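Residue strings, one per chain:
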Amino acid sequence: MALARIRWAGTGEFTLTELRVQLHEGLAIVTSMVVQAVLLTFVVLLARSILPYALIGAVLYSVFMLGQRVQNEAAYIRIDHKLSDLYHASPLSAEGYFVGMSAGVLLAYLPPILVLAVVLELVAPLGAVATLVLIATAAALWLFTCSLGYVISTFFRDNRAIWPYASLITSAFGVLPPVLYPIRFLPGYWHPIAMLLPTSSAACLVEAAQGGLVALSAPTLALGAVALLVEAVGVFLFALYWARRSAQER
Amino acid sequence: MAGTVTASNAPGGALLPAFGLIGWRWISRNPAAAIAPILLPFIFLYFLRLISPPAYFPLEIVGAMLFTTQNIGNWVLGDSATWRIETRMQDLFVASPLNKVRYLFGIALSNLIPAAPALIVLAVLLELEYPVSPLGWAVLGSCILVLWILFSSIGIAISSRVRSQREIWPVGNLTFTFIGMLSPLYYPLTVLPPAWQAVSRFFPTTYAALLVQGTLGLPGAVPSDPYLDAGLLVALAVVGTAIALRLYRWRDGD
Amino acid sequence: MSAEALVARDLTKTYTLRGGITVPALRGVSLTIHPGERFALLGRNGAGKTTFLRIASTLLVPSSGTVEVFGHDAIGDPDSVRPLLAVVPQEGKPFFHLTPREQVYTYLCARGFSRATAKARTEEALEQMGLEEVADRLSVTLSGGQRQRTVVATVIATEAPLLFLDEPTIGMDPFARRGVWETFRRLTRRGSTILLTTHYLDEAENLAQRLAIVERGRVLVVGTSESLKQQVGGTFRVSVGGGSRIRPQLASFGNLVEDGEAVHVIVGPERVQEILALSVREGLAATVGPVTLEEAFLSVVGHSINEES
């Protein structure tokens, strides 16, 4: 599928629609940081020395959680409301529907993420380069997670069945790998594997950019950067294709 | 015969097996619904194992068991809200001889079933890490039973006030994850700042944690009076359950 | 103890929304339903049918008024009444992870039936609802009509003395609906009483022995479908295509029901020829048929709307 054939019709309008919908769910936005708060509390109480890592990881974990929101939202609109039919049978492109939904969710949940970023800046200020790397990796992570979430949502016929998968995915990507803790806690042979996961590679790249937080070799860092980029772009392109394909039931 | 205007179905029957079948079918037909409750506590235990002193691990395992039990309340909240709002199945049960307490037990049981494998695996892990006496198992089992009833009641009470499916996740998150965090489930009480310790004393999970940690003699356990802990746990649980059942809106407009 | 299946007196219900906005859903509704009767509630969307049904079936507390079910106080003592009733909710769905057989069986067990009775009744209900072929398929794989039939099967299996059915055949095809109607008739022959709400006027006409039309929280009229048709001023309906341009002349003959450009005139047999002649003179097509419940409904509700405005 050539990039040129991707249609973006209606993306902006649907972004605003989704943003409007999300802003009605104020409680969900406010409570989106509860899990991160719990994990940071554990760190503060039990291992304060790794707090900078945990805070960087919490910001990235929060971005990763956006994919879960997109997954739930897409499934809810399609299964409960059946409104996806209205949008697909319209000038709004399927790609625009997917990207608009992802962007709307991002905009709605940006404030608490920024609050967490401010906390990070107050507790463990990042340098300019590290901040830029944080933004870049967060953007790549957003592409990856929203794409994954949207694709997964299309496979379910029952909202309730999604919840366990959402919990597993966010925990498997966010808690298990070295996102909230330093990679040095893992044996060396796990490092390349950790760098293949988008969440942990993003965290390690930011920590490396900060200087002194992580001691990884240049090839390992390069592996992480390339993997993150390939995964983000690859899954995003697949999601665009899948969005168009799944707009019509077969 | 239906024409006889008496109760065509007396209370009793196979209520618990019926809800048990509903819970069993849920996990037997949804692999993730069976796997997630088992894996999630271990993922968090893994994280805690990495960041905390190794001596705390048995305490963290017990904490995972208690948190898993408490989290059944979150699942009860989700199920009962879904049954009421989306499928409208609760209407069928309200307009029936079933009363709200029996309905609560039914849903609580149907959600205990997916949690049971996790509890069993964690129990095995605990025994391997830190052998537990029969008394210890009895105390732990009792605490799990009490917390199961209490948090299922809280979950169903909250569910009756939720207005849409979208509210389930944030409300559940706020209630159950928050309570879990406030209680010293995964760490000794003394690790908490004094003000926080005082606040945690209002939660039954705190007394469950203290009671089990003390009875098992877990490293990191805070010296406390087990009879007082047990008494306060039961008292808070009874009060909490009573309040929850009072707030539980079985019929719209109640 | 009252002999009536349901007696509702002066039921009112006002919903209070966010911002203090009040919505009066019922404004003093009184109804009596006899044992073994099939009774239908008709009305526009938002008329108050479902609100009435939910109050009567102990699912909703009214603002004021009383409901007795077989002599028991359904508002003050709902537990005394609940063993006597069962309800098909509007837009109900079965548990997606259960099969229809499991859905019905578990519900009966939860209601207190022995396993043997629950099993027997489950099979009978599935057969009555035409679900035998899909009885062991997960409900999530069923069509909308099959899911609805599963919910209905769940409730009719109880054979409760009083059944509340809120739009029970929505989403079903015409064959399925007729099968379900026959099941409802069989239930009332066996002694159950049925109160249903429906938007399908043919369903009300075929099924209900009596019906009531509700509009804006009030009962406008109660009677049989025949008595309702007679109330609208005639037994014949002359439909004049494009008749809106001779509306004043047509209005002089009797009650009108307008449908876009077409006008239906409700008249007695003595005036049919006059209308046909007028139509021919004006170059309009006209057909003649018996008054249907739909015309009666539109006429009754239409008058009510005109009066309110």
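Let us look at the structure shown here. In this text the structure is predicted, and so the values were computed from the model without any measurement.

**Digging into the overall build of chain C**
For chain C, the count of helices and strands is 11 helices and 14 strands. Its C-alpha atoms put chain C at 70 × 45 × 40 Å along the principal axes. Per-residue burial over chain C gives 51% buried out of 309 residues. Long-range pairs, those at least 24 residues apart, make up 66% of the contacts in chain C between residues at least 6 apart in sequence.

**Structural notes on unusual backbone geometry**
Residues and elements named next belong to chain C. Although it is not a glycine, Phe70 sits at a positive phi angle of roughly 50°. Looking at the secondary structure, you find Phe70 in the loop between β4 (64-69) and β5 (72-73). C-beta crowding within 10 Å serves as the criterion here: with 22 such atoms nearby, Phe70 is assigned to the buried category.

**Here we look at the sheet that holds strand β13 (residues 262-267) of chain C**
Residue and element names in this part refer to chain C. Spatially, four strands are ordered β12-β13-β11-β14 in an open sheet, and the strand pairing comes out antiparallel. Only two strands of the sheet have a single partner each, and these edge strands are β12 (255-259) and β14 (286-290). Neighbour-to-neighbour, the strand axes of this sheet turn through a mean angle of 25°, independent of strand direction. Where strand β11 (residues 236-240) lies against β13, five bridges are found, and the strand directions are antiparallel. When the bridges of β13 are listed, Val240 appears paired with Val263. Helix-sheet contacts for helix α10 (residues 272-281) involve β11, β13 and β14, and the interaxial angle to β11 is about 5°.

**Section: the interface of chain C and chain B**
Interfaces are often described in size by the accessible area the parts lose on coming together. Listed per partner, the contact involves 42 residues of chain C and 40 residues of chain B. Of all the elements in the fold, those that place two or more residues in the side of chain C that touches chain B are α2 (78-81), β6 (85-88), α3 (100-111) and α5 (144-156) of chain C. At six residues, the largest contribution of residues to the side of chain C that touches chain B is made by α3 of chain C. By residue class, the composition of the side of chain C that touches chain B is 21 nonpolar, 11 polar and 10 charged.

**Topic: the packing of helix α3 (residues 34-46) of chain A against helix α7 (residues 168-182) of chain B**
For the pair α3 of chain A and α7 of chain B, interaxial distance at closest approach is 10 Å and the crossing angle is 5°. Viewed along their axes, α3 of chain A and α7 of chain B adopt a mutual orientation that is roughly parallel. Mapping the contact onto sequence places Val34, Val35, Val38 and Thr41 of chain A in α3 of chain A and Asn173, Leu174, Thr177, Phe178 and Met181 of chain B in α7 of chain B. Tallied by class, the residues present in the contact of α3 of chain A with α7 of chain B amount to six nonpolar, three polar and no charged.

About the criteria used
The numbers attached to residues start from 1 for each chain and follow its sequence in the written order. As they are written, the chains are lettered A onward and the ligands numbered 1 onward, keeping that order. Owing to the predicted nature of the model, reporting of local features is limited to residues with pLDDT of at least 70; listing and counting of side-chain atom pairs is limited to 80 or more, with chain, interface and lining totals taken over all residues. Labels follow the DSSP assignment, with helices taken as runs of H or I lasting at least four residues and strands as runs of E lasting at least two, numbered in each case from the N terminus. Field definition: a residue is buried when 20 or more other C-beta atoms are found within 10 Å of its C-beta, exposed when 12 or fewer are, and partly exposed for counts in between, with C-beta atoms placed from the backbone. Throughout, a pair of residues is in contact if the C-beta atoms placed from their backbones lie within 7 Å. Strands are treated as partners if at least two bridges between them are detected by DSSP. The convention used is that axes are lines fitted to C-alpha atoms, helices contributing only their stretch in contact, and that angles between N-to-C directions extend from 0 to 180 degrees. For this classification, Asp, Glu, Lys and Arg are treated as charged, while Ala, Val, Leu, Ile, Met, Phe, Trp, Tyr, Cys and Pro are nonpolar and the rest, including Gly, are polar. Should an angle fall under 35 degrees it is called roughly parallel, over 145 degrees roughly antiparallel, and 65 to 115 degrees roughly perpendicular, with every other angle called oblique.

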